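Working through the structure, step by step
In case you want the letters, here they are:
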Amino acid sequence: MGPHPAVAAIRLAVRRVLHDVLTDVQRSTENDPPHPPHEQQAPQPTVLVACSGGADSMALASALAFEAPKLGIRAGGVTVDHGLQPGSDLRAAEVVVRLTALGLGPVDSVAVDVGRDGGPEAAARDARYAALDAAAERHSAAAVLLGHTRDDQAETVLLGLARGSGIRSLSGMAATSGVAGRYRRPFLHIDRQTARKACMVQSLPVWDDPHNADPAYTRSRLRHEGLPALEKALGKGVVEALARTAQLSRDDADALDTWAAQAETSVRDAAGLLECAKLYALPPAVRRRIVRRAAIEAGAPAGSLFARHIEEVDRLITGWRGQGAINLPGKVVAQRQGGRLVIRQG
């Protein structure tokens, strides 16, 4: 008799991602010089799981522990203590014990200091990814697995829609992201209940973060109030539709990004300055991508550069009436000079 359907689903998702990781590792080493006969071959690749102790990440950890040895992969884990709740250090220690009991190793617990930039949720996320990046470097990990589910993807799409930041914000979380594709999200097509069911049938203890039910947090309100209201008004299937929208939006955004990258050289003069007349001739979606990229290259932080900033700069191209310079985040200034769009540090 095979495993429970929920367990089978999460294991299959992880197995597929691990095969992708192995393929990427093999490709990256194809051009390496061959090992002399007396030297040992390269060690087995390491894959880490980021685990909070919640149902999603515990289900992911259990699937990784089951699948990795069969593929010759060394599987470890990392839990991040944000220090935002009393007893968070004890919770992190418990997660280390649980991951070790699954057979994972190495297993790290990393305490971080959460700042205030961008609000509590964004600051915690920044601190967490910095800790995961450091752990991946420390253990030379080929990948770090994240337990984001289809429900998380739907919430991310709705948050992007509320910001009105364009098609890229509707594309949600990528299945692969980070430096050299470090972060992998095997569960983006799996719903939250499947992960929880997998934990239950395997008798895996899980921790429910009280912040996930705290209405002070935007994502929590969306999860417990916004999405249920949408499903009540529109019927079941909203989560699946939003996740599908994310993938379609990502495909479109990737295509437009490629177009913009190819078109950028054609709108620059011999000195490398952007020519407004040539920019004006491009479709708005392509033109604004070129402008955004130029602003980021000049020093504007990508996370602080919003659609309204790009729209203001775009008016220097499409609605030129002699207006002055536009101030952008990161002390970057955009202005029109002699038919050129100049974006630089102010």
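First things first, this report covers the structure right here in the doc. (Residues numbered from 1 in each chain as written. Predicted model: local features only at pLDDT ≥ 70, side-chain atom pairs only at ≥ 80, totals over all residues. Heavy atoms only, no water.)

Considering the overall build of the protein
Let me state the cut-off plainly: Secondary structure elements follow DSSP: runs of H or I no shorter than four residues count as helices, runs of E no shorter than two count as strands, and numbering proceeds from the N terminus. Exposure categories follow from relative accessible area, calculated using a 1.4 Å probe and restricted to protein chains: below 20% of the type maximum is buried, above 50% is exposed, and the middle band is partly exposed. Computed with a 1.4 Å probe, the accessible areas rest on the Shrake-Rupley method; for each residue, only the protein chains presented here act as cover. Here Asp and Glu are counted as negative and Lys and Arg as positive; His is not counted, and neither are the chain ends. Each charge is placed at NZ for Lys, CZ for Arg, CG for Asp and CD for Glu.
Scanning the protein from terminus to terminus reveals 12 helices and 10 strands. Taking the principal axes of the C-alpha coordinates as reference, the protein spans close to 70 × 65 × 40 Å. Taking all 346 residues of the protein together, the buried fraction comes to 44%. Total accessible area computed for the protein in this model is approximately 18,100 Å², and 54% of it derives from carbon and sulfur atoms. Averaging the coordinates of the 42 positive side-chain charges in the protein and doing the same for the 38 negative ones gives two points 4 Å apart.

Topic: the pairing of strand E2 (residues 74-81)
Defined as follows: Strand pairing is assigned whenever DSSP identifies at least 2 bridges connecting the two strands. The definition of a right-handed crossover adopted here requires that, viewed with the strands pointing away, the path from the first strand over the helix to the second runs clockwise.
The element E2 is largely enclosed, with a buried count of seven among its eight residues. Alignment of strand E1 (residues 46-50) against E2, held across five bridges, turns out to be parallel. Bridging from a neighbouring strand, Thr-46 pairs with Arg-74 of E2. Between E1 and its parallel partner E2, the chain crosses via helix H2 (residues 55-67), and the hand of that crossover is right-handed.

Structural notes on the nonpolar core
Inclusion rule: Only buried residues count toward a nonpolar core, which is a set of Ala, Val, Leu, Ile, Met, Phe, Trp, Tyr and Cys residues joined through side-chain atoms within 4.5 Å. Whether two residues are in contact is decided by their heavy atoms, any of which lying within 4.5 Å being enough.
Counting residues in hydrophobic clusters, the biggest one holds 35 residues, and the most contacted among them are Val-47, Leu-64, Leu-99, Leu-104 and Phe-187. Taken together, the elements giving at least two residues each to this core come down to helix H1 (5-29), E1, H2, helix H3 (88-101), strand E4 (141-145) and helix H7 (192-201). Residue contributions to this core peak at nine residues, all from H1. Excluding residues that lie within four positions of it along the chain, Leu-104 makes contacts with Val-49, Ala-61, Leu-64, Ala-65, Ala-75, Gly-76 and Leu-99.

What to know about the sheet that holds strand E10 (residues 340-345)
For the record, the criterion: To get an axis, a line is fitted to the C-alpha atoms, and for a helix only the part in contact is used. The angle between two axes follows their N-to-C directions and goes from 0 to 180 degrees.
Strand order in this open sheet of four strands is E7-E10-E9-E8, and the pairing throughout is antiparallel. Across the chains shown, the open sheet's two edge strands, defined by having one partner strand only, are strand E7 (274-275) and strand E8 (326-328). Inspection of the sheet shows strand E9 (residues 332-337) paired to E10 by six bridges, in the antiparallel sense. Along E10, the bridge assignment pairs Arg-336 with Leu-341. Here helix H11 (residues 284-297) sits on the sheet in contact with E7, E8, E9 and E10, set at roughly 30 degrees to E10.

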